[in-house]
Amino acid sequence: MGLFDHEARQFKFDVLREVAFRAYKGSLHEDVDDEIAHKLIPTMKADFRCCVYKEREIIRQRTRLAMGKNPSQHQNGTFNPNQIVKVIDAACDGCTIKRIQITDSCRKCMAKSCVAACKFDAIAMGTNRAVINYDQCKECGACVKQCPFHAIIETVRPCLASCPVDAISMDDDNIAIIDDARCINCAACQSACPFGAIEDASWIVPVIELIKLNTPITAMIAPSIQGQFDSATLSQIKAGIKMLGFTDVVEVATAADTVVWHEKEELKKKKSNNIKMTTSCCPAFLNLAKQHFPDVYEKNMSTLASPMIVMARYIKSRNPNHGVVFIGPCVAKKQEAMQDYPKADVDYVLTYEEIAAMLVANKIYLPDIEVDSDDQASNYGRYFAFGGGVSNALKHVGATEGFEFSSSYADGCQECKKQLLLMKHNRFTADVLEGMSCVGGCGNGPAIIDNSKKAKQRFDLENKSNSINIHETIEHYDFSNINLERNQKGVAK
């Protein structure tokens, strides 16, 4: 039985596992993509596509992406490290449907409303029903609106429908193209594509290579990792990750406690000047504001760095020779880490899918690990993992000083876009906008393993006994000499 019900995600995981296994063995070679393709599809029977050759080419492209390369060999000279979300063209061509289609419900009526509505003379009456000349059709949808029988349908491809910033178009062969200048790396298209034709580039190979060189590396885990690995506790997850070769494992939620404490101070200043504020922990939300609402970004976005960046700076201030790898459910975090490459605070980002592939490749089963419990962060920091968690933490630290304010939560990119538009036109009514690009928050990110209610129940159950508060975290982890500003790097002067 596979780890995922979604067969495309299972193939992605299988490829990641094979790449991880070979990276640890040191057996990655020039033709490894073909080797993995034949291992995963050993017979001549096609199960998913027109032929086994097509299926193997998709695996080859997945393998190259899993190794941090462009999926198609002909793209090798154009790799953009800041564009994490990529199109696997061999998988995308299964979705080349016509957007406007006339169904069998067409009665070839005498009104001919569709013909009259078309400004491009693309519709005519055929023998049994109306027909479309696709060489002339501009897919405007006018005929769809006018047909009295609703016999003409408009089918929007999932990637197009899911993208909140219109960053996806189609080339002459109807293969998806991502506009790097518009894309915010939210991976909504990746989650929506039923073929798994849009995926994120992986850094699993360079991380394993550093581990094999005995490079000291600290792994930082996102709060939403709890509940993702069956019945494994957070302490077991930490122990299992260390067994992969990491020097230490720390919770980013500890930095979340610090960020929210200082964000409260910034909110006080903004509120006194009648300026609304947005949170800044979600990189896709931040990208949405920066690229598509620049005035809001400059005026209203919190200046605090994300908990991931703050934690990385903390680690490197104490261990300058340590590499830092963030492990989370978010594809946009990879792009966030690459923004200041090669002098980045975070060296690499791995997803839960990728860390699971490394665990399976090393035959590490987390629930079997014997370990004592180890809480590092408060529940307020940990609940950054879910929508509304940042606002709740802000309100908690505000209440300790009698500071009250109103907040609004934007659930998913489409809602974030709507609220940023209101803020742009001075119609946003709350004091704080918490934006999360994934519906439900990070706990429903594109690279999670389990988004079921059971995963959330496991998260809630384990955190019931956590009694650490934000003040304790701040006292234990001294961030006083760390620069917390989003656009600054390193140690504060």
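Structural data are supplied above this passage.
Residues numbered from 1 in each chain as written. Predicted model: local features only at pLDDT ≥ 70, side-chain atom pairs only at ≥ 80, totals over all residues. Heavy atoms only, no water.

**Q** Describe in detail the packing of aromatic side chains, supporting the description with residues and values.
**A** Scanning the entire structure with this criterion turns up nine aromatic pairs. Centroid distance F386 to F459: 4.9 Å. Interplanar angle 85 degrees. Geometry classified as edge-to-face. Remark: F459 occurs in helix α20 (residues 453-463) and F386 occurs in the loop between α17 (379-382) and α18 (389-399); sequence separation between them is 73 residues. Judged by its relative accessible area of 16%, F386 is buried. Taken together through their ring pairs, the aromatic side chains of Y314, Y477 and F479 make up a single cluster. Positioned above the aromatic ring of W261, the side-chain terminus of K264 is 3.6 Å from the ring centre. (Phe/Tyr/Trp six-rings, centres within 6.5 Å; stacked < 30°, edge-to-face > 60°. Helix = DSSP H or I, 4+ residues; strand = E, 2+ residues; numbered from the N terminus. Buried < 20%, exposed > 50% of the residue type's maximum accessible area, 1.4 Å probe, protein only. Lys NZ or Arg CZ within 6 Å of the ring centre and 35° of its normal.)

**Q** So what's going on with the sheet that holds strand β15 (residues 432-436)? Which residues, and what values?
**A** Strands sit in the order β11-β15-β14 across an open sheet of three strands; the sheet is parallel. In the strand order of this sheet, the two ends are held by β11 (277-278) and β14 (407-411), each with one partner. Direction of pairing for β11 relative to β15: parallel, over a ladder of two bridges. The residue of β15 that forms the bridge with M277 is V432. Its contacts with the sheet put α18 on β14 and β15, and the angle it makes with β15 is roughly 145 degrees. (Pairing = 2+ DSSP bridges. Contact = heavy atoms within 4.5 Å. Axes fitted to C-alpha atoms, helices over the stretch in contact; angles between N-to-C directions.)

**Q** Describe in detail the sheet that holds strand β12 (residues 323-328), supporting the description with residues and values.
**A** Read across the open sheet, the four strands follow the order β10-β9-β12-β13; overall the sheet is parallel. The sheet terminates laterally at β10 (248-251) and β13 (348-351), the two strands that pair on one side only. Here the average twist between neighbouring strands, direction ignored, is 25 degrees. Note: β12 against β13, four bridges, orientation parallel. Directly across from G328, in β13, lies its bridge partner T351.

**Q** Give a detailed account of the packing of helix α11 (residues 253-272) against α18, specifying residues and quantitative values.
**A** Between α11 and α18, the least distance of the axes is 9 Å, while the angle of their chain directions is 65 degrees. Considering the angle they form, α11 stands roughly perpendicular to α18. Note that α11 runs across α18; the crossing there is right-handed. Here α11 contributes V260, W261, E263 and K264 to the contact with α18, which in turn contributes V390, A393, L394, V397 and G398. Classifying every residue of the contact of α11 with α18 by side-chain character gives six nonpolar, one polar and two charged. (Parallel < 35°, antiparallel > 145°, perpendicular 65-115°, else oblique. Left-handed = near helix turned anticlockwise from the far one by under 90°. Nonpolar A, V, L, I, M, F, W, Y, C, P; charged D, E, K, R; others polar.)

**Q** Break down the nonpolar core for me, citing the residues and quoting the values.
**A** As a rule of thumb, nonpolar side chains are buried together in soluble globular proteins. By size, the foremost hydrophobic cluster in this structure holds 140 residues, and its most contacted members are M220, F229, I241, F246, I327 and M358. Ranked by residue count, the leading element in this core is helix α1 (residues 7-25), at eight residues. In contact with F246, other than residues within four places in its own chain, are V207, I211, I217, A219, I241, V325, I355 and M358. Counting residues in hydrophobic clusters, the runner-up holds 13 residues, among them I100, C106, C147 and A151. (Core = buried A, V, L, I, M, F, W, Y, C linked by side-chain atoms within 4.5 Å.)

**Q** Break down the environment of N483 for me, with residues and values.
**A** Counting through the fold element by element, N483 comes out in the segment after α21 (470-476). Looking at N483, its side chain comes within polar contact range of the main-chain nitrogen of E485, at 3.0 Å. (Polar contact = N/O pair within 3.5 Å; in protein donor to acceptor, adjacent residues only side chain to side chain.)

**Q** How would you sum up the pattern of salt bridges? Please name residues and give values.
**A** Tallied over the entire structure, the rule returns 33 salt bridges. Here E35 ties to R22 by a salt bridge, and the two come within 2.9 Å at their closest N and O atoms. Placement of E35 in helix α2 (residues 32-40) and of R22 in helix α1 is noted, with a sequence separation of 13 residues between them. With relative accessibility at 7%, the residue R22 sits in the buried group. Residue K456 pairs with D460 through a salt bridge whose shortest N-O separation is 2.9 Å. Separated by four residues within a single helix, K456 and D460 lie in helix α20, roughly one turn from each other. Overall, D460 belongs to the partly exposed group, its relative accessible area being 26%. Taken together, the shared-partner salt bridges in this structure form one network comprising R9, K12, R62, E199, D200, K334, E353 and E354. (Salt bridge = Lys/Arg side-chain N within 4 Å of Asp/Glu carboxyl O.)

**Q** Tell me about the pairing of β10, and name the residues and values.
**A** Examined bridge by bridge, strand β9 (residues 217-221) and β10 share four bridges and lie parallel to one another. Bridge assignment links M220 to a residue of β10, and that residue is V250. In this view, the connection linking β9 to its parallel neighbour β10 by way of helix α10 (residues 234-243) has right-handed handedness. (Right-handed = clockwise from strand over helix to strand, strands pointing away.)

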